[in-house]
Number of protein chains: 2
Amino acid sequence: MPQPSAQRRGRPPRISREEIVEAARRLVDEEGVAKLTMRRLATQVGSTPMALYHHVRDKEELLVLLLDDYAARTLRRPDLPADPRERVIVVAAAIREALAGCPWIVEVLTADDLMSESALWFNENIVDGLIECGLTPEQAVHAYRAIWYYTAGEMLVRAASARRRARDDRPTYRDRVFAALDPAALPRLSALGTRWAPLTAEDTYLDGLRALVDGLIARAAG
Amino acid sequence: MPQPSAQRRGRPPRISREEIVEAARRLVDEEGVAKLTMRRLATQVGSTPMALYHHVRDKEELLVLLLDDYAARTLRRPDLPADPRERVIVVAAAIREALAGCPWIVEVLTADDLMSESALWFNENIVDGLIECGLTPEQAVHAYRAIWYYTAGEMLVRAASARRRARDDRPTYRDRVFAALDPAALPRLSALGTRWAPLTAEDTYLDGLRALVDGLIARAAG
DNA sequence: ACCTGAACACCGTTCAAGT
DNA sequence: ACCTGAACACCGTTCAAGT
């Protein structure tokens with residue numbers, strides 16, 4: 001068992017965990033998550049791939065570290081309105097805004113649930129707002145969960161379409177399908193026709209969020 | 001330009017698109033998406049990796065093909081209740097049930113939005129139910145979108161936690177954090193304590209869905 | 001038209017050795 | 001204790017050639 005205190009022994013470290021995470025963040029910001037590989041990152045910090053494994057267990061851990069770093073650095077706590085229902089809206093919208101700013105986070109979010117310790121303030125305030133609206137603590141956790149599903153889904157779906165648009169700009173399979181529907185079988189979609197695409201491209205996150213929160217509070221009360 | 005009709009020329013094909021998709025489905029069902037590689041798939045159909053590229057453009061296209069195949073094969077159309085609100089619930093729940101049965105679909109869903117042509121019946125009926133509840137077509141599309149975000153998010157988050165549970169069963173970072181919270185800073189979460197984990201593990205999809213649909217209809221009316 | 005072989009440009013990670 | 005080099009066991013895809 002190594003001595004935790006006392007003078008440190010052995011070869012002094014040349015790279016630190018912080019240095020690695022910082023380089024990873026730069027790499028992701030400049031070239032995208034796809035370019036974040038252990039080998040690239042190693043050359044970025046002026047070392048070898050295997051030196052990294054002395055500071056992080058594997059790539060997965062590195063991604064979680066990166067998520068924590070991002071959360072601590074960019075989650076700005078909003079001013080809280082007095083009205084508890086509005087508080088829930090404002091806090092959820094703040095989470096969403098932070099996520100929208102970095103689509104790469106998707107990969108990590110589906111690898112580890114929600115966020116780091118520094119994000120718990122957001123959980124706390126959503127749950128608190130819901131309880132003040134009359135939910136029991138249990139109902140509040142379930143309602144929080146529903147809000148998180150909605151928020152995560154919006155971000156994931158939106159990030160995916162953005163990626164697809166960036167890749168190829170052929171008129172999308174979907175558009176072609178919608179342009180030639182059978183009005184007898186699918187009357188509503190046919191009537192919508194080419195309006196479907198622009199309508200689904202609109203940002204209606206807040207409207208949906210308000211509807212969801214209203215519904216959650218009403219159901220818990222009734 | 002090649003002749004589409006007339007007698008076919010050149011070497012006869014030894015593998016077909018269908019055969020490839022079928023083998024891919026088997027591979028994914030038996031070993032998981034991670035094991036679906038062009039090389040593995042090639043040996044599975046008794047051919048070489050490059051033969052596949054004669055039938056599908058790239059791996060991405062193969063995944064979309066696989067999604068279509070899955071949709072056509074397992075999306076069972078539910079009986080539609082007379083009440084339009086209940087219709088929306090039933091159809092959304094059917095989509096969710098189909099998705100829950102195959103977590104690998106996550107990768108493809110975030111690669112291409114929603115589903116294949118055979119899934120449009122579901123879109124149609126959700127939009128129709130919403131319009132019959134009094135929404136304008138535009139509101140109905142936006143409401144459909146909100147339902148899709150919620151449903152996709154639920155599935156993605158749930159699939160991610162399942163994957164994590166399957167990998168390592170250490171008491172999860174999250175549990176440890178929740179066991180030692182500062183009650184002054186985070187009173188609600190502290191009070192919940194260890195109940196957080198089991199509460200968020202409960203399946204409350206339908207409750208959240210009903211709340212969302214109620215809220216969407218109420219907001220559109222008001 | 002359809003398939004093959006060899007090659008390119010990569011991955012994450014392990015293992016044994018060096019300082 | 002920390003780092004290196006070489007190697008393992010893979011990837012998706014391109015290109016030139018064969019039948």
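This one's a predicted model, so the numbers in the text were calculated from it and none came from an experiment. (Residues numbered from 1 in each chain as written. Chains lettered and ligands numbered in written order. Predicted model: local features only at pLDDT ≥ 70, side-chain atom pairs only at ≥ 80, totals over all residues. Heavy atoms only, no water.)

What follows deals with the overall build of chain A. From N to C terminus, chain A includes 12 helices and 0 strands. Listing the helices and strands of chain A from first to last along the sequence gives α-α-α-α-α-α-α-α-α-α-α-α. For chain A, the residues scored as buried account for 47% of the 222 residues in total. (Helix = DSSP H or I, 4+ residues; strand = E, 2+ residues; numbered from the N terminus. Buried < 20%, exposed > 50% of the residue type's maximum accessible area, 1.4 Å probe, protein only.)

A separate point is the interface of chain B and chain A. With 66 residues of chain B in contact, the opposing surface of chain A contributes 66 residues. Both faces combined, the contact of chain B with chain A buries some 5,800 Å², and carbon together with sulfur accounts for 61% of it. Contact with chain A buries area across many residues of chain B, yet B:Glu124, B:Tyr149 and B:Arg188 alone supply 13% of it, more than any other trio. There are 6 salt bridges connecting chain B and chain A. B:Glu138 is the salt-bridge partner of A:Arg195, the closest N and O atoms lying 2.3 Å from each other. Across the chain B-chain A interface, the total number found is 18 residue pairs in polar contact (both at pLDDT 80 or more). Among the secondary structure elements, those contributing two or more residues to the side of chain B that touches chain A are helix H4 (59–74), helix H7 (120–132), helix H8 (137–167), helix H9 (173–179), helix H10 (187–192), helix H11 (196–201) and helix H12 (205–221) of chain B. Per element, the largest residue contribution to the side of chain B that touches chain A is 20 residues, and it comes from H8(B). Looking at side-chain class alone, the side of chain B that touches chain A contains 33 nonpolar, 8 polar and 25 charged residues. (Contact = heavy atoms within 4.5 Å. Buried area = accessible area lost by both parts, 1.4 Å probe. Salt bridge = Lys/Arg side-chain N within 4 Å of Asp/Glu carboxyl O. Polar contact = N/O pair within 3.5 Å; in protein donor to acceptor, adjacent residues only side chain to side chain. Nonpolar A, V, L, I, M, F, W, Y, C, P; charged D, E, K, R; others polar.)

On to the UniProt feature "domain: HTH tetR-type" (unreviewed entry) in chain A, then. The UniProt entry lists residues 14–74 of chain A under the feature "domain: HTH tetR-type" (unreviewed entry), expressed in the numbering used here. Secondary structure across residues 14–74 of chain A divides into 69% helix and 0% strand, with the first and last C-alpha atoms of the span separated by 28 Å. (UniProt positions renumbered as here; feature names shortened; annotations may be inferred.)

Our next topic: the domain arrangement of chain A. All names here are of chain A. Structurally, chain A comprises domain 1 (17–73) and domain 2 (77–221). One C-alpha centre belongs to domain 1, the other to domain 2; they are set 29 Å apart. Broken down residue by residue, the surface that domain 1 buries against domain 2 is led by Val-33, Leu-67 and Tyr-70, which jointly contribute 51%. Linking domain 1 with domain 2 are 1 residue pair in polar contact (both at pLDDT 80 or more), by the criterion used here. Only helix H1 (17–31) and helix H4 (59–74) provide two or more residues apiece to the side of domain 1 that touches domain 2. Sorting elements by how many residues they give to the side of domain 1 that touches domain 2 places H4 first, with 9 residues. Taken together, the residues of the side of domain 1 that touches domain 2 break down into 9 nonpolar, no polar and 3 charged. (Domains from an automatic or database assignment.)

Turning our attention to the UniProt feature "DNA-binding region" (unreviewed entry) in chain A. Mapped onto the present numbering, the UniProt feature "DNA-binding region" (unreviewed entry) falls at residues 37–56 of chain A. For residues 37–56 of chain A, the helix share is 55%, the strand share is 0%, and the end-to-end C-alpha distance is 13 Å.

Moving on, we come to the packing of helix H5 (residues 84–100) of chain B against H7(B). Two measures define how a pair of helices packs: the angle their axes make with one another and the distance between the axes. Residue and element names in this part refer to chain B. Closest axis-to-axis distance for the H5/H7 pair is 8 Å, and the angle between their directions is 155°. Comparing the axis directions of H5 and H7 gives the class roughly antiparallel. Between H5 and H7 the crossing geometry is left-handed. Residues Pro-84, Arg-87, Val-88, Val-91, Ala-92, Ala-94 and Ile-95 of H5 touch H7, and the partners they reach there are Phe-122, Asn-125, Ile-126, Asp-128, Gly-129, Leu-130 and Glu-132. (Axes fitted to C-alpha atoms, helices over the stretch in contact; angles between N-to-C directions. Parallel < 35°, antiparallel > 145°, perpendicular 65-115°, else oblique. Left-handed = near helix turned anticlockwise from the far one by under 90°.)

A few words now on the relation of the copies chain B and chain A. Turning chain B through 180° and shifting it by 0.0 Å along the axis lays it on chain A, with an RMSD of 0.0 Å. Given the turn and translation reported, the copies of this chain are related as if by a two-fold rotation axis. Both copies present the same face, since 100% of the interface residues in chain B are matched by interface residues at the equivalent positions in chain A. (Least-squares fit on C-alpha atoms with pLDDT ≥ 70 in both.)

Residue and element names in this part refer to chain A. Tracing the chain through its elements places Arg-14 in the segment before H1. A relative accessible area of 71% means that Arg-14 is categorised as exposed. Separated by 81 residues in the primary sequence, Arg-14 and Ile-95 have C-alpha atoms spaced 36 Å apart.

The next subject is the protein's contact with DNA strand C. Close contacts around DNA strand C come from 23 residues, with A:Arg11, A:Arg39, A:Met50, A:Tyr53 and B:Arg14 the closest. Of what DNA strand C places within 4 Å of the protein, 49% of the atoms are sugar or phosphate. A distance of 3.3 Å separates a phosphate oxygen of DNA strand C from a polar side-chain atom of A:Thr37. Interatomic distance of 2.9 Å between a side-chain N/O atom of B:Ser47 and a phosphate oxygen of DNA strand C. (Near = heavy atom within 4 Å.)

For H4(A), spanning 16 residues, the distance from its first C-alpha to its last is 22 Å, which sits close to the expected 22 Å at 1.5 Å a residue. Residues of H4(A) that are buried: A:Leu62, A:Leu63, A:Leu65, A:Leu66, A:Leu67, A:Asp69, A:Tyr70 and A:Ala71. (Expected span 1.5 Å × (residues − 1).)

This paragraph deals with the environment of B:Arg145. Residue and element names in this part refer to chain B. Among the secondary structure elements, Arg-145 is positioned in helix H8. Judged by its relative accessible area of 9%, Arg-145 falls in the buried class. Along the primary structure Arg-145 and Asn-123 are separated by 22 residues, whereas in three dimensions their C-alpha atoms are 9.8 Å apart.

Turning our eyes to something else, we now look at the packing of aromatic side chains. Per the stated rule, a full pass over the model turns up 10 aromatic pairs over all chains. Between the aromatic rings of A:Tyr70 and A:Trp104, the centroid separation amounts to 5.9 Å while the plane-to-plane angle is 80°, which identifies the pairing as edge-to-face. You can see A:Tyr70 sitting in helix H4 and its partner A:Trp104 sitting in the loop between helix H5 (84–100) and helix H6 (105–109), a full 34 residues away along the chain. Of the two residues examined, A:Tyr70 and A:Trp104, each falls in the buried class. Here the aromatic residues A:Tyr149, B:Tyr150 and B:Tyr205 are joined through ring pairs into a cluster of three or more. (Phe/Tyr/Trp six-rings, centres within 6.5 Å; stacked < 30°, edge-to-face > 60°.)

Residue position: B:Glu124 is located in helix H7. According to the relative accessible area criterion, B:Glu124 is buried, its value standing at 5%. Sequence separation between B:Glu124 and B:Val91 is 33 residues; the distance between their C-alpha atoms is 9.9 Å. Filtering out sequence-adjacent residues up to four positions away, B:Glu124 remains in contact with A:Ala185, A:Leu186, A:Pro187, A:Arg188 and A:Leu189. In terms of polar contacts, B:Glu124 uses its side chain to reach the backbone amide nitrogen of A:Arg188, at 2.8 Å.

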